[in-house]
Amino acid sequence: MFNFLKDTIAEIILENFQQTFNSSSIQINATPIDYVGDCTIVVFPFTKFSKLNPEATGNFFGEKLMAKNSNIESYNVVKGFLNIVFKPEFWLTELCLAKANKSFGQLASTGRKVMVEYSSPNTNKPLHLGHVRNILLGHSIAEILKACGNDVIKTTLVNDRGIHICKSMLAYKKDCEKREIRIGSINPTTESIKGDHLVGKYYVEFDKAYKAEIKSLIENGVNEDDAAKNSSMMKEAQQMLLDWEAGKPEVIELWKTMNGWVYEGFDASYKKLGVTFDKSYYESNTYLLGKKAVVEGLKESVFVQDADNSVWIDLTNDGLDRKILQRKDGTSVYITQDVGTAQMKYDDYKMDESIYVVGNEQDYHFKVLQLILKKLGKPYADGIYHMSYGMVELPSGKMKSREGTVVDADDLMAEMIDSAKQTTTALGKLEGLSEAEKEKLFYTIGMGALKYFLLKVDPKKKMMFNPEESIELQGNTGPFIQYTHARICSILRNNKLERITLEESI
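Residues numbered from 1 in each chain as written. Predicted model: local features only at pLDDT ≥ 70, side-chain atom pairs only at ≥ 80, totals over all residues. Heavy atoms only, no water.

A.B. asks: Help me understand the sheet that holds strand β12 (residues 384–389) in this model?
C.D. replies: Two pairing modes exist for strands in a sheet, parallel and antiparallel, and in both the strands are linked by backbone hydrogen bonds. Strand order in the open sheet formed by five strands is β7-β6-β5-β11-β12, with parallel pairing between adjacent strands. If you trace the sheet from one side to the other, it starts and ends with β7 (279–282) and β12, each paired once. When strand polarity is set aside, the average angle formed by the axes of neighbouring strands in this sheet is 25°. In this structure, strand β5 (residues 113–117) lies alongside strand β11 (residues 353–359), joined through four bridges in parallel fashion. (Pairing = 2+ DSSP bridges. Helix = DSSP H or I, 4+ residues; strand = E, 2+ residues; numbered from the N terminus. Axes fitted to C-alpha atoms, helices over the stretch in contact; angles between N-to-C directions.)

A.B. asks: In this structure, what is going on with unusual backbone geometry? I would like to understand it.
C.D. replies: Trans is the common state for peptide bonds, and a negative phi is the common state for residues other than glycine. Positive phi is not limited to glycine here, since Gln18 has a value of about 55°. Within the secondary structure, Gln18 sits in the loop between α1 (2–17) and β1 (28–30).

A.B. asks: Help me out: how do you make sense of the sheet that holds strand β4 (residues 81–86) in this one?
C.D. replies: With antiparallel pairing, the four strands of this open sheet are ordered in space as β1-β2-β4-β3. Every interior strand has two partners, whereas the edge strands, β1 and β3 (72–78), have only one. Along the sheet, successive strands turn relative to each other by an average axial angle of 25°, direction set aside. Of the strand pairs in this sheet, β3 and β4 are connected by six bridges, and their pairing is antiparallel. Bridge pairing in β4 places Ile72 opposite Phe86. Against the sheet, α1 engages β1, β2 (39–42), β3 and β4, with an angle of about 145° to β1. (Contact = heavy atoms within 4.5 Å.)

A.B. asks: Any chance you could explain the state of the cysteines here in plain terms?
C.D. replies: One way to say it: the disulfide is the covalent bond shared by the sulfur atoms of two cysteines. Going through the model one piece at a time under the given rule, you end up with zero disulfides. Cysteine Cys176 is unpaired, with the sulfur of Cys166 as its nearest cysteine sulfur at 16 Å. A relative accessible area of 1% places Cys176 in the buried class. (Disulfide = S-S within 2.5 Å. Buried < 20%, exposed > 50% of the residue type's maximum accessible area, 1.4 Å probe, protein only.)

A.B. asks: Is there a simple way to explain the pairing of β5 in this structure?
C.D. replies: Every regular strand shows the same layout, with side chains that alternate between the two sheet faces. Of all the five residues making up β5, four are buried; the element is thus mostly covered by neighbouring parts of the structure. Sheet analysis places β5 next to strand β6 (residues 151–158), joined by five bridges and oriented parallel. Bridge assignment links Glu117 to a residue of β6, and that residue is Thr155.

A.B. asks: What is the right way to look at the nonpolar core in this model?
C.D. replies: The nonpolar side chains of a soluble globular protein tend to be buried, and buried together. Of all hydrophobic cores here, the largest spans 65 residues; its most connected members are Val116, Met169, Tyr172, Phe206, Leu273 and Val357. Among the elements that take part in this core, helix α12 (residues 249–273) stands out by supplying ten residues, more than any other. Among residues more than four places away in sequence, those in contact with Met169 are Met240, Val251, Leu254, Trp255 and Met258. One finds Leu320, Ala342, Phe366 and Ile372 within the second-largest nonpolar core, a separate group that totals 26 residues. (Core = buried A, V, L, I, M, F, W, Y, C linked by side-chain atoms within 4.5 Å.)

Structure follows, in structure tokens:
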């Protein structure tokens, strides 16, 4: 249709102004969602023929196009942009033609093997609103790709090790010591709390104690930098990390116990969100994999080793910077782990594409990752794609788990389901439904509202979310779409039509 419009515009110019115009240079795009239209034509280049201002030129070409094309229902002009609206019958015809020649399915289906990685939480806190946006984006992308005929593998990389995990572990250990009870006596059952919430509570407790210690040191004349270096809390957490890496039995046991609580909590949240994974990768199993890549890179002269034994890659000629891959003490950094994990994923699935659903704060990280893999000659490097999205912020700024300033995912889902219950009950349309059916209805409406609210925003845009404002169940919402679907089903039932084909509807 775009090509047809371009040819028609060139024809209009020739007929009315006796001049030729290269139709391939005409700009036609999908109309932005804030305006009415199916496609938008840029009319500025046509003013040299019409000798009119852009708005008058747009109206001139709009009238001519409608006269020549019966598929056009209406048009409108916004400054130098002509928005075209096609008749519903046009779209139905196009779909039927696509179905008849099977081109629709062939265009949509690539038949490629695609891995989509999303969620990728830390095991020191429960899921929050930011995770929910990530999860819903990743799951939706995976399902769309699958519906288009691709072989899709849904994965998550769980960040289950590191200093942040040790902070929760240390705060928990100290609480047990303070209460003079054995490790494990405080647990999700005794505290009547989900495991991920219990561990997250101790992460916040560590931060409070750490900040109090820093404040005390500064009040006693220690400068801020030295206070941070001399913090006994931080030193203990760092020692716990070293003990973990050394395999100290009691530390490993505590780590397994607390992570187990978190996994159970995550699984419950994922189930409520309606998302699944085909495979979970764990940082504790992958963080050393990059060391092999470091050896390989040094051998191929892709990496260089400095005098202090640290290993680097120089990407300045590629417009980036010099990036460290191995510290002087031989330990790997995050990018090194990702290099190793990328290889592990490819070895497991031999996928054509690997999509990482990660916030835009990591845009630079993924540019570096892909470039390193290309320089190492990895066959899967070109298939890496960073699905970057804007972060979710509160009116007070960024959410901070360590300070407890987050919108909890479980609380948010419960609130949405409760809002759906109150709204639906007030409408009085629950007659004849059992309690189980009512609960299912409340869940469906509430989760539909939440999912649509988060997915309707362009992924590239940053989202502002005010937890004090409820998500509306009316207007441009998930429940409105659900209601429309229910009405259509009702019409079909009332007319005793189980199925209606596109051809029959025209």
